[in-house]
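In case you want the letters, here they are:
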Amino acid sequence: MVMGSAATADATTIPTYPTAPGVRLNVRSGPGTNYTIVRVLPADSRVPIFCQTPGTTVSGYYGTSNIWDNIDSGEYVSDTYVNTGSDGYVASRCG
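Conventions we followed
Residues numbered from 1 in each chain as written. Predicted model: local features only at pLDDT ≥ 70, side-chain atom pairs only at ≥ 80, totals over all residues. Heavy atoms only, no water. Helix = DSSP H or I, 4+ residues; strand = E, 2+ residues; numbered from the N terminus. Core = buried A, V, L, I, M, F, W, Y, C linked by side-chain atoms within 4.5 Å. Buried < 20%, exposed > 50% of the residue type's maximum accessible area, 1.4 Å probe, protein only. Contact = heavy atoms within 4.5 Å. Phe/Tyr/Trp six-rings, centres within 6.5 Å; stacked < 30°, edge-to-face > 60°. Disulfide = S-S within 2.5 Å.

### Examining the environment of Asn34
Along the polypeptide, Asn34 turns up in the loop between β2 (25–28) and β3 (37–41). In the structure, Asn34 is positioned 22 residues away from Thr56 in sequence and 8.2 Å away in space, judged by C-alpha atoms.

### Observations concerning the nonpolar core
Counting nine residues, the largest nonpolar core consists of Tyr17, Leu25, Val27, Leu41, Val47, Ile49, Ile71, Val77 and Val82. Setting aside residues up to four positions removed in sequence, Val47 forms contacts with Pro15, Thr16, Tyr17, Thr19, Leu41, Ile71 and Val82.

### Some remarks on the packing of aromatic side chains
What the rule picks out here adds up to one aromatic pair. Centre to centre, the rings of Tyr61 and Tyr62 are 4.8 Å apart; their planes meet at 75 degrees, and the pair counts as edge-to-face. On the accessibility criterion, Tyr62 (32% relative accessible area) is partly exposed.

### Considerations on the state of the cysteines
Throughout the structure, instances matching the rule amount to one disulfide. Residue Cys51 pairs covalently with Cys94 via a disulfide, S to S 2.0 Å. With the S-S dihedral at roughly 95 degrees, the linkage between Cys51 and Cys94 falls on the right-handed side. Separated by 43 residues along the polypeptide, Cys51 in strand β5 (residues 51–60) and Cys94 in the segment after β7 (75–78) bring together distant segments of the chain. On the basis of relative accessible area, Cys51 is assigned to the buried category, the value being 0%.

Structure representation (structure tokens):
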């Protein structure tokens, strides 16, 4: 079960974060590059982070990390493409 999915969370309480500038970002069905791409975010998007979980290590615009951000029910992006202002977790772990 995804904690705080978009369907149940009040959008005014979840901050959004900018994605890497100029990058069209793959959204995957799970926390890793081996999961299916479910959609692609347009360049210069903003995303909510409902929870975060470890997954495939990725080198991206903001460094290298194994943290994946849950941005909607069954949708994950690598934290290395989201400007959270931190190299660590900024939201609770997905459970």
